[in-house]
Amino acid sequence: MVNEKDIKKALALLGVVLVFVGFYAFDAFYNKRTGKIETEYIVKTDYVDSVRVQGFAVRDEAVTASGKNISVLEKQEGLVYVPIIADGENVAKGGTIALAFSDEQQAENYRLEQEYREKLAAIKDMQNNSDLSYSNVLYLNKQISSEVSDYIALISGSDLSALSASSASIAENMTSKQIAVGEEIDFDQVIGDYNAKIKELKNSYTVVKKLTAPYAGYFVGMVDGYESLQSYDAVRSKKISVGDGEKMLALQAADPGAVYGKIIAQHTWYYTFDVKLSDASVFRTGYWVEVSFEDLGIHNIDMKVYNITETKDDTVTVTLVCTAMNEDLALVRKEAATVKTAEYTGFKISQKALSENDDGVVGVYAVVGNVMMFSPVEVLFYGDGYVIATGKQAVKNSYIKDDVEKFEYYHILKSYDKIIVKGINLEDGNIVD
């Protein structure tokens, strides 16, 4: 049986509990304390939004009505060709691309003649400028040493088109050094010797054939057999259907046969690929992107989104256009690429940290000291469970002081702020336990 004394003890204990509960409720209400929270530190970062694709390059490599590819320059078997223009240079219609000789010796004699002509031009220039000061002998020594190394490397390589210019440059610098150290040079004697050698070499070969450009364009020495397989006009006129990217990749190269190179009529070319619908959302017609063909060592080429097809079976076909052309880009055909659609600098923030206050402002709660401070943000990019955002200034309150309107601003987010990812009772000014 419960006696009166036990009842009084129970009531006293209950009173103590109520006092403690009331105290903490009062403290939490007036001092705005929070319970347990989860936080993380933020730092500014650069974020690149990109898509990995596999595409097909289409260039203006003309085909006649008969189906013959007139852009490809056929090479006659048994002849030795010497380039007149380098791979990657522009050429006018009818311009000479290469000369053909009946054997290697005659071709070599022609090359030597061109070298002597360049040496002759260099020595004449020296003669006209022999009164100039060539005092930096150490510099010339370094130049000659470097150019000799480059010359040896060219001899070891497969492309010998730059040998002549390299040899002439070495000769010019050697003559410069002679002048710099005060040596006497009999220019008339050297010029006479060069002219005699040029005459001798010119009489030692016969040009059998000239390889000329059928139209103006960009000369490329590589022919891959895909030149006639995809219509340039179809891509340019946007007659591309969803799935055509994969169809282009499935094309099999034709045997180009004996060819010297080809002419690309226009610098404008296209790169077409298929992507999943989830990746296609980052592409907008008319927007610029940066494309890198890493396997070819080509990086950050500016291209524009030219065409986006309708969607079918969760697939979209995208075509990019590029107006740049060089010897490296001319090699692009069936290539994987990284397409960078955007680049952001901001804070990487968990989407769970985003809140919207009573004024409809989106932001996060930063912990400054032991105080929770609402910090407005501008979201630049939504990722998978995170956003890239920057802090921004926003007015919290305004008031009048001395007849002047004053403003109180929210906390502006900065690097290494600690933000709340998870918690309760989130409110600007609350005390964090």
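You'll find the structure just up there.
Thresholds applied
- Residue positions within a chain follow its written sequence, with the count starting from 1.
- Per-residue local features are limited, in this predicted model, to residues with pLDDT of at least 70; the limit for side-chain atom pairs, both in listing and counting, is 80 or more; totals at the level of whole chains, interfaces and linings are taken over all residues.
- As a convention, hydrogens and water are excluded, and side-chain values are obtained from all of the structure's heavy atoms.
- DSSP-based pairing: two strands are paired if at least 2 bridges between them are found.
- For helices the rule is a DSSP run of H or I covering at least 4 residues; for strands it is a run of E covering at least 2, with both sets numbered from the N terminus onward.
- In the sections that follow, a salt bridge refers to a side-chain nitrogen of Lys or Arg positioned within 4 Å of a carboxyl oxygen of Asp or Glu.
- A simple rule labels every residue: compare its accessible area, found with a 1.4 Å probe on the protein chains alone, to the largest value its type can have, and call it buried under 20%, exposed over 50%, or partly exposed in between.
- To define a nonpolar core, start from buried Ala, Val, Leu, Ile, Met, Phe, Trp, Tyr and Cys residues and group those joined through side-chain atoms within 4.5 Å.
- Here, two residues are considered to be in contact whenever any of their heavy atoms come within 4.5 Å of each other.
- What counts as an axis is a line fitted to C-alpha atoms, over the stretch in contact for a helix, and the angles between N-to-C directions run from 0 to 180 degrees.
- Residues adjacent in sequence count toward polar contacts only when both atoms are side-chain atoms; beyond that, a polar contact is any pair of N or O atoms within 3.5 Å, and within protein one must be able to donate a hydrogen and the other to accept it.
- The pairing test for Phe, Tyr and Trp rings, Trp by its six-membered ring, is centres within 6.5 Å, and the orientation test on the planes gives stacked under 30 degrees, edge-to-face over 60, and tilted for anything in between.

1. Concerning the sheet that holds strand β8 (residues 217-220)
At step 1: The strand order across the open sheet formed by 4 strands is β3-β9-β8-β5, and the pairing between neighbours is antiparallel. Edge positions in the sheet fall to β3 (72-74) and β5 (90-91), since each of these pairs with one other strand and no more.
At step 2: As defined by bridge partners, β8 adjoins strand β9 (residues 259-264) across 3 bridges and the pair is classed as antiparallel. Note that in β9 the partner of Val 220 across the bridge is Lys 262.

2. What about the pattern of salt bridges?
At step 1: Per the counting criterion, the structure on display carries 18 salt bridges.
At step 2: One salt bridge connects Glu 108 with Arg 111, and the closest N-O pair in it is separated by 3.0 Å. Here Glu 108 pairs with Arg 111, and both are found in helix α2 (residues 104-128), just 3 residues apart, close to one helical turn.
At step 3: You can call Glu 108 partly exposed: its relative accessible area is 30%.
At step 4: As a salt-bridge pair, Lys 396 and Asp 428 come within 2.8 Å of each other at their nearest N and O atoms. On the criterion of sequence distance, the pair formed by Lys 396 in strand β19 (residues 395-401) and Asp 428 in the segment after β21 (418-422) is long-range, its members being 32 residues apart.

3. Considerations on the nonpolar core
When a protein is soluble and globular, its nonpolar side chains tend to lie buried together.
At step 1: Membership of the largest hydrophobic core comes to 29 residues, with the highest contact counts inside it found for Trp 269, Tyr 271, Phe 273, Met 303 and Leu 320.
At step 2: Leave out the neighbours within four places in its chain, and Leu 320 touches Trp 269, Tyr 270, Tyr 271, Phe 273, Val 289, Val 291, Met 303, Lys 304, Val 305, Tyr 306 and Val 339.
At step 3: Membership of the second largest hydrophobic core comes to 14 residues, among which are Ile 85, Val 91, Ala 100 and Ile 263.

4. Quick notes on the pairing of strand β14 (residues 334-350)
Within a regular strand, side chains alternate between the sheet's two faces.
At step 1: Relative to β14, strand β2 (residues 44-58) runs antiparallel, the two sharing 13 bridges. By the bridge assignment for β14, Val 51 is matched with Val 339.
At step 2: In terms of strand pairing, strand β11 (residues 288-293) meets β14 through 3 bridges, oriented antiparallel. Within β14, the residue paired with Val 291 across the bridge is Val 339.

5. Digging into the sheet that holds strand β4 (residues 80-83)
At step 1: Strand order in the open sheet formed by 3 strands is β4-β6-β7, with antiparallel pairing between adjacent strands. The open sheet terminates on both sides in strands that have one partner only, identified here as β4 and β7 (209-212). Neighbour-to-neighbour, the strand axes of the sheet open up by a mean angle of 30°, direction not taken into account.
At step 2: Where strand β6 (residues 96-101) and β7 come together, 4 bridges link them in antiparallel fashion. Bridging across to β7, Thr 96 finds its partner in Thr 212.
At step 3: Against the sheet, α2 touches β4 and β6, its axis set at about 15° to β4.

6. Quick notes on the side chain of Ser 292
At step 1: Its place among the elements puts Ser 292 in strand β11.
At step 2: Here the side chain of Ser 292 touches Asn 300 through a polar contact of 2.9 Å, landing on its backbone nitrogen.
At step 3: Once residues lying within four places of it in the same chain are set aside, the contact partners of Ser 292 are Ile 298, His 299, Asn 300, Ala 336, Ala 337 and Thr 338.

7. Overview of the packing of aromatic side chains
At step 1: For the structure shown, the criterion picks out 20 aromatic pairs.
At step 2: Note on Tyr 232 and Tyr 270: the rings are 5.6 Å apart at their centroids and 55° apart in plane angle, and the pair reads as tilted. With Tyr 232 in helix α6 (residues 232-236) and Tyr 270 in strand β10 (residues 269-276), this residue pair connects regions lying 38 residues apart in the sequence. Summarising the burial analysis for this pair, Tyr 232 and Tyr 270 share the class buried.
At step 3: With 6.5 Å between their ring centres and 50° between their planes, Phe 381 and Tyr 386 make a pair best called tilted.
At step 4: Since its relative accessible area comes to 13%, Phe 381 is described here as buried.
At step 5: Note on Tyr 386: relative accessible area 15%, which makes it buried.
At step 6: Among the aromatic side chains, those forming a connected cluster through ring pairs are Tyr 47, Tyr 344, Phe 381 and Tyr 386.

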